[in-house]
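Architecture at a glance
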Amino acid sequence: MSHEFSTSSLLDLARRFPPDFVWGVATSAFQIEGAAQEDGKGESIWDRFCRQPGAIADGSNGDVACDHVHRLEEDLDLIAALGVSAYRFSVSWPRVQPLGSGAWNPKGLAFYDRLVDGLIQRGIKPTMTLNHWDLPQALQDQGGWANRDTVAHFVEYALGMHRWLGNRVAAITTHNEPWVIAVLGHEQGIFAPGLKSRATAMQVTHHLLLSHGLALQALRAEGCRADLGIVLNLSHTYPATDTPEDRAQAVLDDGCLLRWYVDPLLRGSYPEDIWAHLGADVPQVQAGDMAAIATPLDFLGINNYSRHMASADKSFDVKKSGLPLTEMGWEIYPQGLSDLLLRLHKDYVLPPTFITENGGAFADEMRQGEIHDVDRQRYIAEHIAAVAAALQQGVPMAGYMVWSLLDNFEWASGYAKRFGIVHVDYSSQKRTPKLSAHWYRAFLSQWRALQT
Ligand code: FCB
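Each residue is numbered by its place in its chain's sequence as written, counting from 1. Where totals are concerned, whole chains, interfaces and linings use all residues; where local detail is concerned, this predicted model gives features only for residues with pLDDT of at least 70, and gives and counts side-chain atom pairs only at 80 or more. As a convention, hydrogens and water are excluded, and side-chain values are obtained from all of the structure's heavy atoms.

Note on terminology: near, applied to a residue and a molecule or strand, indicates that one of the residue's heavy atoms is within 4 Å of it. Taken together, the neighbourhood of the ligand is formed by Gln31, His132, Trp133, Asn176, Glu177, Asn303, Tyr305, Glu357, Trp403, Glu410, Trp411 and Phe419. Polar contact criterion, stated in full: a pair of N or O atoms within 3.5 Å, where within protein one must be able to donate a hydrogen and the other to accept it, and residues adjacent in sequence count only if both atoms are side-chain atoms. A distance of 2.9 Å separates an oxygen atom of the ligand from a polar side-chain atom of Glu357. One of the side-chain N or O atoms of Trp411 is found 2.9 Å from an oxygen atom in the ligand. Method remark: on a 1 Å grid restricted to protein atoms, a set of points is classed as a cavity if a 1.4 Å probe fits but cannot get out and as a pocket if it is open with protein on both sides within 12 Å along at least five of seven lines; lining residues have an atom within 4 Å of a point. Any molecule with more than half of its atoms within 2 Å of a cavity's or pocket's grid points is regarded as sitting in that cavity or pocket. Placement of the ligand is best described as lying within the largest pocket. Among the residues making up the shell around the ligand, the classes are represented as five nonpolar, four polar and three charged. Ten residues, namely Ala, Val, Leu, Ile, Met, Phe, Trp, Tyr, Cys and Pro, are considered nonpolar, four, namely Asp, Glu, Lys and Arg, are considered charged, and the remaining ones, Gly among them, are considered polar.

So, about the state of the cysteines. To count as a disulfide, a pair of cysteine sulfur atoms needs to be within 2.5 Å. Counted according to the given criterion, the structure contains zero disulfides. Between Cys50, a cysteine without a disulfide, and Cys66, which holds the nearest cysteine sulfur, the sulfur-to-sulfur distance is 14 Å.

Turning our eyes to something else, we now look at the side chain of Ser338. The topology assignment puts Ser338 in helix α14 (residues 335-347). Once you skip the residues sitting within four places of it in the chain, Ser338 turns out to touch Ala386 and Ala389. Helix and strand assignments come from DSSP, with helices taken as H or I runs of at least 4 residues and strands as E runs of at least 2, each series counted from the N terminus. Working rule for contacts: check all heavy atoms of both residues, and any pair within 4.5 Å makes them a contact.

With an omega of 5 degrees, the peptide bond running from Ala192 to Pro193 counts as cis. Secondary-structure assignment places Pro193 in the loop between α9 (178-186) and α10 (198-221). Backbone geometry places Ala35, a non-glycine residue, at a positive phi of 45 degrees. As for its placement among the helices and strands, Ala35 is situated in the loop between α2 (29-32) and α3 (45-50). Owing to a relative accessible area of 4%, Ala35 belongs among the buried residues under this scheme. Working definition: with a 1.4 Å probe on protein chains only, accessible area under 20% of the residue-type maximum means buried, over 50% means exposed, and in between means partly exposed.

Our next topic: the packing of aromatic side chains. Classification of ring pairs rests on two measures: the distance between centres of Phe, Tyr or Trp rings, Trp counted by its six-membered ring, which must be within 6.5 Å, and the angle between planes, read as stacked under 30 degrees, edge-to-face over 60 and tilted in between. The final tally for this structure, using the stated rule, is 35 aromatic pairs. Where Phe154 meets Tyr157, the ring centres are 5.9 Å apart and the plane angle is 70 degrees; that geometry is what we call edge-to-face. Taken as a pair, Phe154 and Tyr157 lie in helix α8 (residues 149-165) at a separation of three residues, close to a single helical turn. By relative accessible area, which is 0% here, Phe154 ends up buried. On the basis of relative accessible area, Tyr157 is assigned to the buried category, the value being 0%.

On to the packing of α8 against α10, then. A pair of packed helices is characterised by two quantities: the angle between their axes and the separation of those axes. Only the stretch in contact is used when fitting a helix axis, every axis being a line fitted to C-alpha atoms; angles between N-to-C directions are given from 0 to 180 degrees. Taken N-terminus to C-terminus, the directions of α8 and α10 make an angle of 40 degrees; their axes are 9 Å apart at the nearest point. For the element pair α8 and α10, the recorded crossing hand is right-handed. Residues Val151, Phe154, Val155, Ala158, Leu159 and His162 of α8 lie in contact with α10, whose contacting residues are His207, Leu210, Ser211, Leu214, Ala215, Ala218 and Leu219. Taken together, the residues of the contact of α8 with α10 sort by class into 10 nonpolar, three polar and no charged. Should the near helix be turned anticlockwise from the far one by less than a right angle, the crossing is termed left-handed; should it be turned clockwise, right-handed.

Grid points are joined across faces, edges and corners, and a volume is the space filled by probe spheres set on the points. If you add up the space inside the largest pocket, you get close to 1400 Å³. Around the largest pocket, the lining comprises 49 residues; the ones closest to its centre are Trp179, Leu184, Asn233, Leu257 and His308. Breaking the lining of the largest pocket down by element, the ones donating at least two residues are α9, α10, α11 (244-267), α12 (272-278) and β8 (308-310). Tallying contributions element by element places α11 first for the lining of the largest pocket, with five residues. Tallied by class, the residues present in the lining of the largest pocket amount to 26 nonpolar, 14 polar and nine charged. Each pocket or cavity is described by its volume, and for the second largest pocket that value is around 310 Å³. Surrounding the second largest pocket, 19 residues form its lining, Val22, Ala171, Asp227, Phe354 and Ala398 being those nearest its centre. Residue assignment for the lining of the second largest pocket shows that the elements contributing at least two residues are β3 (125-131), β4 (171-176), β9 (353-357) and β12 (397-403).

Here's what the structure looks like:
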């Protein structure tokens, strides 16, 4: 396969980004690591959830995943070959602290030591997420995120990781996507821990946000020099039609999906309309909680994949919208990303903002040992252009990271949905960079050439 991309089009895109822009690629622990029962790792809620019949589409689990724990050096070389400046990974809390409180696991800590040092040796900034969903099962047994005690355990965990890795990580993210943990995990029950109560979900949201704010305060009090922030899954909401019903639905959906998270973090209060909408399901909030949640952020991370269409009678059907869909059934609409960023910039005072995940699942086919994933390559290029459009209109964009480095365990969808720019053959664990990886490397090399 020829990997020659038009230099002028790569340069046209690269020129739109400043020299200090951070380019990266992202993964998460449970989705790639494997080694689920090795070296003293404790059980996580995702280990447990995968064993519930019917929970995972293909009946799979994370026991082996991409076997990343045993293939660390090879994977670090793959990251380095892309020419990215940052790598976003997450720590498996039960790998380093098997019960979520008390004793630490030296072998688990040693793995992240090797990961972080390996990145630094290759000139790549480690950016660490503390909670990408795999809560220790021992804490779930005591109520998990619905129990306020988990807040204090999380702060201890954050401090422990900081003491262990010192100031070797460039950035620390407390939580990945509180909405997903709360709503998919505790209200819809389709993600771990598989509960179905809106009241629980709202209390979980509050404890996640509170533990985030308290962790930031504790880390700063310890002299942490890493940039500190949180990652939200956000999409721009559009009314499906121009009727008053759909327009009202759009305000409500945007409130539940975006303002319920961004308002407390950046304004120190929950939005009043959503508080009223929740009725008896509102969370218990104690004095001082809101100020803690609004502890200033060094950065905001946004994971974005698609737009959100609000339809009062639920008649909106992505299959009839006319937009192309990814294998997840998500509409491809890059304009939605610039609309989202411009709206946030208009309504809030944003800290430096990163796209911490963006990418697509496509039906990749291996042909003569190569994967010509033009759909993914185009998806990524168009979304990078959408970030450039926002930057040019003054949004403080600081970086962009592709989801994901590797094909991996896509939660309830199992291994069938592939998001990697590097293909993984799960029978041999062979890694093969796809066309999209070659394109990203070529783009980054043009961008870097502009800086010299
Ligand atoms: C996000 C998750 C990430 C990945 C992508 C596709 O919600 O943060 O782990 O599964 O979706």
